[in-house]
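# Structural overview
The primary structure of each chain is shown beneath.
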Amino acid sequence: MAFNFAIPELTCSFSYANRPEVSFAVILLLPTTGIFLIWLLHGLSRIISSCRQNLIIPSSSCKRLSIKILLFVYFPITAKTLQAVLPCEHRDGLSYLKVTPWLDCNGTSYTWLVALGYVSLVVFVIGVPFFVFVSLLCKYVDHHGQAVSEETNIWLKPLYNDFKTPYRRYFPLVFLGRRLLLAVFLTVVPTTSSYQVMGITVLLVISIAITLIFRPFEQYSERFEFETLADVIVSVVLLLSFVGLALLRVSPKFDNSLVWLIISMNCVVVLSCVVGMLVLFAVNLCKSPGNDNVQPENVQQYEQIPD
């Protein structure tokens, strides 16, 4: 026995979800809402703490989570922002965006998309690294790479925790700039242009050279610098993958075997990095009981730094 019900009144339509300006607004609202909720909980905890003790959420935890959110969403939001502010292409009397060819550049959707794009460009793409992160590093990190206090080191650590002490003030901005330039070459420069291949190649080669010369990453293993090696290998594989796909796109001589080779290389690199991180985590976990003797020296080191 089967029952068929036709209830047209319950039909749901999500036509606005397919509009590019709506999806872009949602992407922008996600980190903004997350940071707002974090500080809202902090404010509520301060109000509740007047009635109950030990319920306040430390402001250092809120700052730490806010920095992590900004670092995590910087590259995808930058790529979406650059796509939104790209100029329209004109062909056969039609005006459209390259990433959304079905969107008419003379319509309301395009106007809202461009407005959101320029707001995100000023506030997020430019404002976050050059005004937020630069101000934090210049104010709370001295020229030797040390935080001005132990409390500051707790919440500012996500910004420079991966780097050695002498490089903590500058290299976070260098690698954030690498993300920005990579997003520019991948979104602004056309994929059919040779300048995209040249730009990304030069960018990755310079990045590999900087990593090998300065070796800025913190060394967690006594035997070898896994972090530096992992960054170089990932950059090399990314460079080979991009050049291989570019050759596959412009030359018909290459077949799908090159694609499978690129996929295999990326899978091997990802698997190797995951295994390496697990091994380092296990090694550091075994050595963690011996870290109690180092803690007083760190506290004394922060006390010697003037405010």
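Summarised in this report is the structure supplied together with it. (Residues numbered from 1 in each chain as written. Predicted model: local features only at pLDDT ≥ 70, side-chain atom pairs only at ≥ 80, totals over all residues. Heavy atoms only, no water.)

A separate point is the overall build of the chain. Tallying secondary structure elements over the chain gives nine helices and two strands in all. Ordering the α and β elements of the chain from the N terminus gives α-α-β-β-α-α-α-α-α-α-α. Counting every position in the chain, which comprises 307 residues, the buried fraction comes to 35%. The long-range fraction of contacts in the chain, counting pairs at least 24 apart against all pairs at least 6 apart in sequence, stands at 64%. Carbon and sulfur atoms provide 68% of the accessible area of the chain, an area that totals close to 19900 Å². (Helix = DSSP H or I, 4+ residues; strand = E, 2+ residues; numbered from the N terminus. Buried < 20%, exposed > 50% of the residue type's maximum accessible area, 1.4 Å probe, protein only. Contact = heavy atoms within 4.5 Å. Areas by Shrake-Rupley, 256 points an atom, 1.4 Å probe, with all protein chains shown as cover.)

This paragraph deals with the side chain of Thr228. Inspection of the secondary structure puts Thr228 in helix H7 (residues 226–250). When residues no more than four places from it in sequence are discounted, the contact partners of Thr228 are Thr211, Arg215 and Phe217.

Right, let's get into the pattern of salt bridges. For the structure on display, the rule yields four salt bridges. As a salt-bridge pair, Arg19 and Glu21 come within 2.6 Å of each other at their nearest N and O atoms. A residue is classified by how much of its surface remains accessible, and Glu21, at 6% relative accessible area, is buried. Residue Arg178 pairs with Asp231 through a salt bridge whose shortest N-O separation is 3.4 Å. With Arg178 in helix H5 (residues 171–187) and Asp231 in helix H7, the pair connects residues that are 53 residues apart, well separated along the chain. Judged by its relative accessible area of 14%, Asp231 falls in the buried class. (Salt bridge = Lys/Arg side-chain N within 4 Å of Asp/Glu carboxyl O.)

What follows deals with the environment of Pro129. By the secondary structure assignment, Pro129 is in helix H3 (residues 108–140). Along the primary structure Pro129 and Gly177 are separated by 48 residues, whereas in three dimensions their C-alpha atoms are 8.4 Å apart. Excluding its chain neighbours within four sequence positions, the residues that come into contact with Pro129 are Tyr74, Phe124, Val134, Leu173 and Leu176.

Here the focus is a nonpolar patch on the surface. Taken together, the side chains of Phe36, Leu37, Leu40, Leu41, Leu44, Ile47, Ile48 and Ile57 make up a nonpolar region of the molecular surface, amounting to roughly 720 Å² of accessible area. With respect to the helices and strands, Ile57 occurs in the loop between helix H1 (20–48) and helix H2 (59–84). (Patch = residues over 30% accessible without salt bridge, like charges linked within 9 Å, V, L, I, M, F, W, Y side chains within 5 Å.)

Okay, the state of the cysteines next. Using the criterion set out here, one finds one disulfide in the structure. Each disulfide pairs two cysteine sulfurs, and for Cys88 the partner residue is Cys105, the sulfurs being separated by 1.9 Å. Across the S-S bond of Cys88 and Cys105 the torsion is about -105 degrees, and the bridge reads as left-handed. Remark: Cys105 occurs in the loop between strand S2 (94–96) and H3 and Cys88 occurs in the loop between H2 and strand S1 (89–91); sequence separation between them is 17 residues. Given the relative accessible area of 17%, Cys88 is considered buried. (Disulfide = S-S within 2.5 Å.)

On to the environment of Thr165. You can see Thr165 is positioned in the loop between helix H4 (150–160) and H5. The spacing of Thr165 and Pro216 is 51 residues in sequence and 8.6 Å in space, taken between C-alpha atoms.

Counting 30 residues, the largest nonpolar core has Ile67, Leu97, Tyr110, Phe124, Phe133, Leu156 and Leu159 as its most contacted members. Taken together, the elements giving at least two residues each to this core come down to H1, H2, H3, H4 and H5. Excluding anything up to four places from it in sequence, Phe133 contacts Ile67, Leu70, Leu71, Val128, Leu159, Leu173 and Leu176. (Core = buried A, V, L, I, M, F, W, Y, C linked by side-chain atoms within 4.5 Å.)

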